[in-house]
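# Structural overview
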Amino acid sequence: MAIRDNYDDIINMDRPWQKDTLRRHPKMSPRDRAKIFAPFAALRGHSERLGEEDVKLMRCRRTVLSEDEAAILSDKLLQVRKGMTVTVMYFQPEAENGETGYNITVTGTVINIDVICRTLKINTGMTNEKGAVDDVVKFDDLLDINGSEIIDIDKYLGIGDCEFSEYEFSE
């Protein structure tokens, strides 16, 4: 015997309503009922906070670039201009002298390159109540930088494959 068979006699019946119940609680239209279940942010900032928790899980030690990696990064940084769209990976320390922190990757438009203060300012499109929030990255914290306009340094400088002839030195 199926469970459904137990309710065959009442399954298609209308819900019983008493007159005083309908007066106090009128039947809701399907459209109004849908509004009740519409998504809303019950806990403002909760999803952002969860995102912060994910970042904490990715805590790491500062990466020290080799001389070759630093030279490649320097060559890429040489090509960066104001207004370019770039993707930057950098280390953000937890404390002022901290060797632990987070590797952060952002994509945005270069606003300023300050060679004296050795910083790169990028607009990622993030805003708060005060306006646009720009990322200011120290050159020493840079790990990588990429963009569609950043090419191999030899092509950028116009250096092709050169054939060097052997020089004879006379004494």
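Residues numbered from 1 in each chain as written. Predicted model: local features only at pLDDT ≥ 70, side-chain atom pairs only at ≥ 80, totals over all residues. Heavy atoms only, no water.

### Looking at the overall build of the protein chain
For the record, the criterion: A run of DSSP states H or I qualifies as a helix once it reaches four residues; a run of E qualifies as a strand once it reaches two. Both are numbered from the N-terminal end. Here the term buried applies to any residue with accessible area under 20% of the maximum for its type, exposed to any over 50%, and partly exposed to those in between, with areas from a 1.4 Å probe on protein chains only. Note on contacts: a residue pair qualifies if any of its non-hydrogen atoms lie within 4.5 Å across the two residues. The Shrake-Rupley method, run with a 1.4 Å probe, gives the accessible areas here. Residue values count only the displayed protein chains as cover.
Secondary structure summary: the protein chain contains 6 helices and 6 strands in total. Reading the protein chain from its N terminus to its C terminus gives the helix and strand order α-α-α-α-β-α-β-β-β-β-β-α. The burial tally for the protein chain puts 17% of its 171 residues in the buried class. In the protein chain, of all internal contacts separated by at least 6 residues, the share reaching a separation of at least 24 is 55%. Approximately 14700 Å² of the protein chain is accessible, and the part contributed by carbon and sulfur atoms is 53%.

### As for the pattern of salt bridges
Defined as follows: Any carboxyl oxygen of Asp or Glu that lies within 4 Å of a side-chain nitrogen of Lys or Arg is treated as forming a salt bridge with it.
Applying the stated criterion across every chain, the model contains 4 salt bridges. The residue Arg-62 makes a salt bridge to Glu-99 at a minimum N-O spacing of 4.0 Å. Taken together, the residues span a long stretch of sequence, with Arg-62 in the loop between strand S1 (59-61) and helix H5 (67-79) and Glu-99 in the loop between strand S2 (85-93) and strand S3 (100-114) at a distance of 37 residues. Residue classification places Glu-99 among the partly exposed residues on the basis of a relative accessible area of 41%. The closest approach of N and O atoms between Arg-118 and Asp-140, which form a salt bridge, is 3.0 Å. Separated by 22 residues along the polypeptide, Arg-118 in the loop between S3 and strand S4 (119-128) and Asp-140 in the loop between strand S5 (131-138) and strand S6 (142-147) bring together distant segments of the chain.

### Section: a nonpolar patch on the surface
Rules: Candidates for patches are residues over 30% relative accessible area with no salt bridge; among them, like charges are joined within 9 Å and nonpolar side chains (Val, Leu, Ile, Met, Phe, Trp, Tyr) within 5 Å.
A contiguous nonpolar patch, built from Leu-78, Ile-151, Tyr-156, Leu-157 and Ile-159 and spanning about 440 Å² of accessible area, is present on the exposed surface. Residue Leu-78 is classed as partly exposed on the basis of its relative accessible area, which comes to 43%.

### As for the pairing of S2
Using the following cut-off: Pairing between two strands requires that DSSP report at least two bridges joining them.
Here 9 bridges tie S2 to S3, and the two strands are oriented antiparallel to one another. When the sheet's bridge partners are listed, Met-89 is paired in S3 with Thr-105. Where S2 meets S6, 5 bridges bridge the pair, whose relative direction is antiparallel. Bridge pairing in S6 places Val-88 opposite Ile-145.

### Digging into the nonpolar core
Basically, it comes down to this: Nine residue types can take part in a nonpolar core, namely buried Ala, Val, Leu, Ile, Met, Phe, Trp, Tyr and Cys, and a core is a set of them joined through side-chain atoms within 4.5 Å.
Membership of the largest hydrophobic core comes to 18 residues, with the highest contact counts inside it found for Val-80, Val-86, Val-88, Leu-120, Leu-142 and Ile-145. When contributions to this core are tallied by element, the ones reaching two or more residues are H5, S2, S3, S4 and S6. Considering each element in turn, this core owes the most residues, 4 residues, to S3.

### Observations concerning H5
Spelled out, the test is: By definition here, a helix of n residues has an expected span of 1.5 Å times n minus one. Summarising the geometry, the arc corresponds to the directions from the helix axis toward the C-beta atoms.
Over its 13 residues, H5 runs 19 Å from end to end, which matches the ideal 18 Å to within 8%, given 1.5 Å per residue. Turning to H5, its buried residues number three or more, namely Leu-73, Lys-76, Leu-77 and Gln-79. Viewed along the axis of H5, the buried residues span an arc of 155°, placing them on a single side of the element. With respect to the buried face of H5, the exposed residues turned more than 90 degrees away are Glu-67 and Asp-68. The inward-facing, buried residues of H5 abut S6 and helix H6 (153-157).

### Re the side chain of Asp-141
Along the chain, Asp-141 turns up in the loop between S5 and S6. Since its relative accessible area comes to 11%, Asp-141 is described here as buried. Residues within four places of Asp-141 in sequence aside, it is in contact with Arg-62, Tyr-90, Phe-91 and Pro-93.

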